[in-house]
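Read off the chains here:
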Amino acid sequence: MLKYILITVIIMAFIMMIYIAHENRVFTITRYKINSNKLTGLNETIKIIVLADLHNHIYGSDNETLIKAIEEENPDLILVAGDLLVAKPGKEIHTATSLMKRLSLKFPIYYGIGNHEYRLKIYPEQYKDMCERYFGELKKCGVHILDNKYEKIQIKNTVLNIYGIEIDKEYYKRMVSTEMTSQYIESLLGRLNEQEYNILLAHNPNYFKTYAKWGADLTLSGHIHGGLVRLPIFGGVVSPQVEFFPEYDSGLFQESGKQMVLSRGLGTHTINVRINNRAELVCIELGSKESNI
């Protein structure tokens, strides 16, 4: 009897290993339609691709599969919600820079900072010239780095303000909840124009209520990796900050008329596990409530 139980356990473990390996090799496209009365003048939608938490993951040779999927969507903008690479001393940066270089030939890219990019900046003694090389390569190919900066763009007869926030390391501490105020965001990004549509690239979604209070109409986030393992009804199990069943795990969230799209991300690191939690490429279509598109 014990022999059969052991064989069953081994077979189940083998099947689970195959399943996890498969989940780490494929991604899905998740689509959202968001309308706002601030998007005046729009007669067609603005298509946005959101990239988050790639962590040096590769889909096909040199990310050909991922690039093809993005090209087929033909977005107006690509917005990065952080962590395209892995912050480890001596780790390669080619996967992320190659992807950005190839996509930048066809699409404008605005890049928000995640905790992995932030680590490269604040620990130069550990990462040597990794930060300088990485951001240097991105700037060479015209990627707009939004490290506590914003850019106003005119697109399809309307205005978008795209902000990227780079928060201090205390807001990423494990097993600790650090309060964030809208005054803190204002100290980094200033005040926004509430008459225009404001997009915030904020890697950590835990502070969505504060982002909304500051005035971000649409927050784009990642960081949580969908909770690694997703359970029916309960959702994501654990966040990178070791928070069990986090309030924000993936999907579309609402707060006081503001919205957040939280990506499950495209890769993993350290714990390379996804269960019922397929990686995703996020596609958002922004439209005007006035023209009902």
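The model shown is predicted, which means the values in this text are computed figures rather than measured ones.

Caption draft 1: Looking closely at the overall build of the protein chain. When you go through the protein chain residue by residue, the secondary structure sums to 8 helices and 14 strands. Relative to a compact globule of 293 residues, whose C-alpha radius of gyration would be 19 Å, the protein chain shows 20 Å and is just as compact. Long-range pairs, those at least 24 residues apart, make up 73% of the contacts in the protein chain between residues at least 6 apart in sequence. Summing over all exposed atoms, the protein chain offers an accessible surface of approximately 14,000 Å²; the carbon and sulfur share of this is 54%. Put simply, the protein chain has 33 plus and 33 minus side-chain charges, and the middle of one group is 4 Å from the middle of the other.

Caption draft 2: Representation of the packing of aromatic side chains in the model. All told, the structure shown has 10 aromatic pairs when counted by the stated rule. Geometrically, the ring pair formed by F27 and Y59 is edge-to-face, given 4.9 Å between the ring centres and 75° between the ring planes. Here Y59 lies in the loop between β2 (46-51) and α2 (64-73) and F27 lies in strand β1 (residues 27-36), a separation of 32 residues in the sequence. Looking at Y59, the relative accessible area reads 3%, which means it is buried. Both rings, one in Y248 and one in F253, keep their centres 5.0 Å apart while their planes meet at 85°; by these two values the pair is edge-to-face. Here Y248 falls in the buried class, since its relative accessible area comes to 5%. One aromatic cluster in this structure is built from Y111, Y134 and F135.

Caption draft 3: Here's a closer look at helix α3 (residues 94-104). Most of α3 sits out of view: 8 of its 11 residues are buried. The inward-facing, buried residues of α3 contact β2, α2, β3 (77-80), β4 (109-112) and α6 (130-140).

Caption draft 4: Representation of the sheet that holds strand β9 (residues 218-221) within the structure. Strand order across the open sheet formed by 6 strands is β6-β7-β8-β9-β13-β12, with mixed pairing between neighbours. Pairing within the sheet leaves two strands with one partner each, and these edge strands are β6 (149-155) and β12 (251-255). On average, each strand axis in the sheet is inclined to that of its neighbour by 20°, with strand direction left out of account.

Caption draft 5: The sheet that holds β2, seen in detail. In space, the 6 strands of this open sheet follow the order β1-β14-β2-β3-β4-β5, with mixed pairing throughout. With one partner strand each, in any of the chains shown, β1 and β5 (144-146) form the two edges of the open sheet. Sheet twist, expressed as the mean angle between neighbouring strand axes with direction ignored, is 25°. As paired elements, β2 and β3 share 4 bridges and run parallel to each other. Pairing of V50 across the sheet is with L79, part of β3. The sheet contacts of α2 involve β1, β2, β3 and β14 (279-288), and relative to β1 the element is tilted by about 30°.

Caption draft 6: Main features of the packing of α3 against α6. Put simply, α3 and α6 touch, their axes get as near as 9 Å, and they point 10° apart. In terms of orientation, α3 and α6 fall into the roughly parallel class. For the pair α3 and α6, the contacting residues are A96, T97, M100 and K101 in the first and Y134, E137 and L138 in the second. Among the residues making up the contact of α3 with α6, the classes are represented as 4 nonpolar, 1 polar and 2 charged.

Caption draft 7: Representation of helix α4 (residues 115-122) within the structure. Residues of α4 that are buried include every one of N115, H116, E117, Y118 and L120, and no others. Contact partners of the buried residues in α4: β4, α5 (124-127) and α6.

Caption draft 8: Expanded view of the environment of D168. Along the polypeptide, D168 turns up in the loop between β7 (158-164) and α7 (182-189). Put simply, D168 and T95 are 73 residues apart on the chain and 26 Å apart in space, counted from C-alpha to C-alpha. Discounting chain neighbours no more than four positions away, the residues touching D168 are Y118 and Y184.

Caption draft 9: Quick look at unusual backbone geometry. One non-glycine residue, H225, adopts positive backbone phi at about 55°. Inspection of the secondary structure assignment puts H225 in the loop between β9 and β10 (230-231). Given a relative accessible area of 5%, H225 falls into the buried group. At F245, a position not held by glycine, the phi torsion is positive, near 50°. Among the secondary structure elements, F245 is positioned in the loop between β11 (235-236) and β12. Residue classification places F245 among the partly exposed residues on the basis of a relative accessible area of 41%.

Rules used in this analysis
- Residues numbered from 1 in each chain as written.
- Predicted model: local features only at pLDDT ≥ 70, side-chain atom pairs only at ≥ 80, totals over all residues.
- Heavy atoms only, no water.
- Helix = DSSP H or I, 4+ residues; strand = E, 2+ residues; numbered from the N terminus.
- Rg over C-alpha atoms; globule rule 2.2 N^0.38 Å.
- Contact = heavy atoms within 4.5 Å.
- Areas by Shrake-Rupley, 256 points an atom, 1.4 Å probe, with all protein chains shown as cover.
- Lys, Arg positive; Asp, Glu negative; His and termini not counted.
- Charge placed at Lys NZ, Arg CZ, Asp CG, Glu CD.
- Phe/Tyr/Trp six-rings, centres within 6.5 Å; stacked < 30°, edge-to-face > 60°.
- Buried < 20%, exposed > 50% of the residue type's maximum accessible area, 1.4 Å probe, protein only.
- Pairing = 2+ DSSP bridges.
- Axes fitted to C-alpha atoms, helices over the stretch in contact; angles between N-to-C directions.
- Parallel < 35°, antiparallel > 145°, perpendicular 65-115°, else oblique.
- Nonpolar A, V, L, I, M, F, W, Y, C, P; charged D, E, K, R; others polar.

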